[in-house]
Amino acid sequence: MVQLIRGLRENVTDFVIVINGECKDTDLLRQYAGIIIERENKGFDGGAFKVALAMPGVQELVARSDELVLCNDTFYGSFVPFSDIFAKMRGSEADFWGIRFADNGLTQLLQSFFLVFRKRILSSCILTDFFALYPENSTNFNDALVFFERNIFCYLTEKGYTHDAFYKLRYRALDADII
């Protein structure tokens, strides 16, 4: 986790950490984050993001930011330096992007372990509107995954926001093509 935080910290201005559960060593995390929030693990990632984005100090950070990164620590890596990922994605004009886009022929989404929202989204109330609908106290992992991961992508694209990804995976039942 420290490798992840260090890699991100080198590429962002402000850092907020939300802990879903208990952390025995918040002193280590305070080296990297200006704000640390500890909360019960209800609503999982989406619930954590909803709580954090509703806090006045965090709202002020977001209001003056060009990009907002929402990520969790459930992925390995990054295997590519974050500086390379951010450099590549600076060339994209998308309103929001992620590390991995998945398209299985039936559904498309940016996987929610790492999402970046740009100024067009941040200067609107679209994230506030989305999270107002989010059931932050859910304890059902599948509901939380579907509601947050699938729905945030659909919600934003249906509202006309454009997306991109560092890595795009398209696969079908018996064949696969990676782009």
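Before any of the text, the structure's been laid out above.
In this report, the structure presented in the accompanying data block is examined. (Residues numbered from 1 in each chain as written. Predicted model: local features only at pLDDT ≥ 70, side-chain atom pairs only at ≥ 80, totals over all residues. Heavy atoms only, no water.)

With respect to the overall build of the chain
For step 1, the next point in the chain: Across its full length, the chain holds 8 helices and 8 strands.
For step 2, the next point in the chain: Its C-alpha atoms give the chain a radius of gyration of 16 Å, within 12% of the compact-globule value 16 Å for 179 residues.
For step 3, the next point in the chain: In terms of overall dimensions, the chain has a C-alpha envelope of 50 × 35 × 30 Å along the principal axes.
For step 4, the next point in the chain: By sequence separation, contacts in the chain at least 24 residues apart represent 62% of the contacts at least 6 residues apart.
For step 5, the next point in the chain: Total accessible area on the chain stands at roughly 10100 Å², and carbon and sulfur atoms take up 51% of it.
For step 6, the next point in the chain: The averaged location of the 24 negative side-chain charges in the chain is 2 Å from the averaged location of its 19 positive side-chain charges. (Helix = DSSP H or I, 4+ residues; strand = E, 2+ residues; numbered from the N terminus. Rg over C-alpha atoms; globule rule 2.2 N^0.38 Å. Contact = heavy atoms within 4.5 Å. Areas by Shrake-Rupley, 256 points an atom, 1.4 Å probe, with all protein chains shown as cover. Lys, Arg positive; Asp, Glu negative; His and termini not counted. Charge placed at Lys NZ, Arg CZ, Asp CG, Glu CD.)

With respect to the nonpolar core
For step 1, the next point in the chain: Ranked by internal contacts, the top residues of the largest apolar core, which has 28 residues, are Phe117, Leu127, Phe131, Ile152 and Leu156.
For step 2, the next point in the chain: By residue number, the principal contributor to this core is helix α8 (residues 141-158), which donates 6 residues.
For step 3, the next point in the chain: With near-sequence residues (within four places) excluded, leucine 127 lies in contact with Leu68, Phe117, Ile121, Leu122 and Ile152.
For step 4, the next point in the chain: Leu4, Phe15, Phe86 and Ile99 belong to the second largest nonpolar core, which has 19 residues in total. (Core = buried A, V, L, I, M, F, W, Y, C linked by side-chain atoms within 4.5 Å. Buried < 20%, exposed > 50% of the residue type's maximum accessible area, 1.4 Å probe, protein only.)

Notes on the pairing of strand β4 (residues 96-103)
For step 1, the next point in the chain: Most of β4 is tucked away: 7 of the 8 residues are buried.
For step 2, the next point in the chain: Examined bridge by bridge, β4 and strand β6 (residues 114-118) share 3 bridges and lie antiparallel to one another. Counterpart to tryptophan 97 in the pairing with β6 is valine 116.
For step 3, the next point in the chain: Linkage of β4 to strand β5 (residues 108-110), two consecutive antiparallel strands, is achieved through a turn of 4 residues, within which glycine 105 is found at a positive phi near 90°. (Pairing = 2+ DSSP bridges.)

Details of the environment of isoleucine 85
For step 1, the next point in the chain: By the secondary structure assignment, isoleucine 85 is in helix α5 (residues 82-90).
For step 2, the next point in the chain: On the basis of relative accessibility, which here comes to 2%, the residue isoleucine 85 falls in the buried class.

With respect to the side chain of serine 112
For step 1, the next point in the chain: The topology assignment puts serine 112 in the loop between β5 and β6.
For step 2, the next point in the chain: Apart from the residues lying within four places of it in its own chain, the contact partners of serine 112 are Leu70, Phe148 and Glu149.

A short note on helix α4 (residues 56-63)
For step 1, the next point in the chain: Those residues of α4 lying buried are Val58, Leu61 and Val62. Buried residues of α4, viewed axially, fall in a sector of 95°; they line one side. Those residues of α4 that are exposed and angled more than 90 degrees off the buried face are Pro56, Glu60 and Ala63. (Arc of directions from axis to C-beta.)

A short note on the packing of aromatic side chains
Within a pair of aromatic rings, the relevant descriptors are the distance that separates the centres and the angle that separates the planes.
For step 1, the next point in the chain: Taken as a whole, this structure holds 16 aromatic pairs when the rule is applied.
For step 2, the next point in the chain: For the pair phenylalanine 131 and tyrosine 134, a centre-to-centre distance of 6.3 Å together with 65° between the ring planes defines the contact as edge-to-face. You'll find phenylalanine 131 and tyrosine 134 in the same group, each marked buried.
For step 3, the next point in the chain: Residues phenylalanine 131 and phenylalanine 148 carry aromatic rings whose centres are separated by 6.0 Å and whose planes lie at 25° to one another, so their mutual orientation is stacked. One end of the pair, phenylalanine 131, is in helix α7 (residues 126-132); the other, phenylalanine 148, is in helix α8, with 17 residues separating them in the sequence. One exposure class covers both phenylalanine 131 and phenylalanine 148, and it is buried.
For step 4, the next point in the chain: Here a set of aromatic residues connected by ring pairs shows up, and it is made of Phe49, Phe130, Phe131, Tyr134, Phe147, Phe148 and Tyr155. (Phe/Tyr/Trp six-rings, centres within 6.5 Å; stacked < 30°, edge-to-face > 60°.)

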